[in-house]
Amino acid sequence: MANFVFHAADSRGDANHGWLHSRHTFSFAGYFDAERMHFGALRVLNDDVVAAGMGFGKHPHDNMEIISIPLEGDLEHKDSMNNVAVIRHGDVQVMSAGTGITHSEYNKNSDRPVKFLQIWVIPNKGNVEPRYDQITLNPADHVNTFQQIISPNPDDAGVWIHQDAWFHLAKFDAGHEDTYTFKREGNGLYIFNLKGKITVEGKEMVDRDGLGISDTNAVTIKAESDAEFLLMEVPMLK
């Protein structure tokens, strides 16, 4: 029988620093909940809004797979590997921090906020050589289907990370229903609903709700309204 853990949008950690408003699904920085340390290898899921012209100064990371998915606006990235890039809605960025990197992230625009998801996945290999990658998606490719955006395989669709994890984006029209089949036995699936109303195995989700599902190999999702959501399949680490 499948196990479920539900995280209502308004139950997340709430950190408002003025220039940054961040909602934390899992324990992060000043927000701590012993029951919300991670979902398997999914360690961080931050829903960030950065004010115009503001951002995160240079800071270090190591031994973590870091994923950024812009939802609105433009985010400027610079790192110690000499990468300089702007990521926008429709892009997906990954960094394997490995032996150590430093980077900064700033709102490229002076007249509007940038909204993005910051996601950390615990890697299955330590002290790898740091790497950076990004792609631009075709939004039409996730209408009424699951578009793969991250996998463990460099030759597969999307970008890749050092973990047996698969991420998919989906944008369903109202009434559309589909079944997601897990890629790897023993993995769990965390669904983050970006907007709209969906039903997952009979459980209703609205904007910014999260739902973790484990001990199953397939999940049926139905859109009760036009909806957009992110699927994150990850190993269920202890």
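Described below are features of the structure shown in this document. All of these numbers come straight from a predicted model, not from anything done at the bench.

A few points about the pattern of salt bridges
Okay, step 1: Summed over the entire model, instances satisfying the criterion amount to eight salt bridges.
Okay, step 2: In this structure, Arg184 engages Asp164 in a salt bridge whose closest nitrogen and oxygen atoms are separated by 3.5 Å. Highlighted residues: Arg184 in the loop between β16 (177–181) and β17 (187–195) and Asp164 in the loop between β14 (159–160) and β15 (166–172), separated in sequence by 20 residues.
Okay, step 3: Owing to a relative accessible area of 34%, Arg184 belongs among the partly exposed residues under this scheme.
Okay, step 4: Judged by relative accessible area, Asp164 falls into the partly exposed class, the value being 27%.
Okay, step 5: For Glu228, the salt bridge is made with Lys195, and the minimal N-O distance between the two is 3.9 Å. Residue Glu228 is found in strand β22 (residues 227–235), and its partner Lys195 is found in strand β17; the two are separated by 33 residues along the sequence.
Okay, step 6: Taken together, the salt bridges that share partners define one network made up of Arg12, Asp47 and Arg208.

Some remarks on the environment of Ala157
Okay, step 1: As for its placement among the helices and strands, Ala157 is situated in the loop between β13 (147–151) and β14.
Okay, step 2: Expressed as a C-alpha distance, the spacing of Ala157 and Gln147, which sit ten residues apart in the sequence, is 8.6 Å.

Quick word on the sheet that holds strand β18 (residues 198–200)
Okay, step 1: Taken together, the four strands give an open sheet; going across it, the order is β16-β21-β18-β19, and neighbouring strands pair in antiparallel fashion. Each edge of the open sheet carries a strand with a single partner, namely β16 and β19 (203–205). Across this sheet, the average inter-strand angle for adjacent strands is 25°, counted without regard to direction.
Okay, step 2: One ladder, built from five bridges, connects β16 with strand β21 (residues 218–223); its direction is antiparallel. Paired with Tyr180 across the two strands is Val219, which belongs to β21.

Here's the deal with the environment of His103
Okay, step 1: Take His103: it is sitting in strand β10 (residues 101–107).
Okay, step 2: You can call His103 buried: its relative accessible area is 2%.
Okay, step 3: Each C-alpha atom, one on His103 and one on Gln118, is 14 Å from the other, the two residues being 15 residues apart in sequence.
Okay, step 4: Beyond its immediate sequence surroundings of up to four residues, His103 is in contact with Gly57, Lys58, His59, His61, His77, Lys78, Asp79 and Met95.
Okay, step 5: At 3.2 Å, the side chain of His103 forms a polar contact with the side chain of His61.

Quick notes on the nonpolar core
Okay, step 1: Within the largest apolar cluster, 27 residues are counted, with the highest numbers of intra-cluster contacts made by Leu42, Ile67, Ile119, Ile149, Ile150, Phe167 and Met232.
Okay, step 2: When sequence neighbours within four positions are dropped, the list of residues in contact with Ile67 reads Val92, Gln93, Val94, Leu117, Gln118, Ile119, Val121, Ile150, Ile161 and Phe167.

With respect to the sheet that holds β15
Okay, step 1: One open sheet accounts for seven strands, arranged β1-β20-β17-β22-β15-β13-β14; its pairing is mixed. Each having just a single partner strand, β1 (3–7) and β14 make up the two edges of the open sheet.

So, the layout of surface pockets
Okay, step 1: The computed volume of the largest pocket comes to approximately 450 Å³.
Okay, step 2: Looking at the largest pocket, it is lined by 24 residues, and the ones nearest its centre are Leu71, His89, Leu194, Arg208 and Glu228.
Okay, step 3: Mapped by element, the contributors of at least two residues to the lining of the largest pocket are β3 (20–24), β4 (42–50), β6 (65–72), β9 (91–96), β15 and β17.
Okay, step 4: With four residues, β6 is the largest single contributor of residues to the lining of the largest pocket.
Okay, step 5: Broken down by class, the residue content of the lining of the largest pocket amounts to nine nonpolar, five polar and ten charged.
Okay, step 6: Within this model, the second largest pocket holds a volume of roughly 230 Å³.
Okay, step 7: In terms of lining, the second largest pocket is formed by 20 residues, of which the most central are Leu20, His24, Phe28, Ala29 and Phe56.

Conventions and cut-offs
- Residues numbered from 1 in each chain as written.
- Predicted model: local features only at pLDDT ≥ 70, side-chain atom pairs only at ≥ 80, totals over all residues.
- Heavy atoms only, no water.
- Salt bridge = Lys/Arg side-chain N within 4 Å of Asp/Glu carboxyl O.
- Helix = DSSP H or I, 4+ residues; strand = E, 2+ residues; numbered from the N terminus.
- Buried < 20%, exposed > 50% of the residue type's maximum accessible area, 1.4 Å probe, protein only.
- Pairing = 2+ DSSP bridges.
- Axes fitted to C-alpha atoms, helices over the stretch in contact; angles between N-to-C directions.
- Contact = heavy atoms within 4.5 Å.
- Polar contact = N/O pair within 3.5 Å; in protein donor to acceptor, adjacent residues only side chain to side chain.
- Core = buried A, V, L, I, M, F, W, Y, C linked by side-chain atoms within 4.5 Å.
- 1 Å grid on protein atoms, 1.4 Å probe; cavity = no way out; pocket = protein on both sides within 12 Å on 5 of 7 lines; lining within 4 Å.
- Points joined across faces, edges and corners; volume = space filled by probe spheres on them.
- Nonpolar A, V, L, I, M, F, W, Y, C, P; charged D, E, K, R; others polar.

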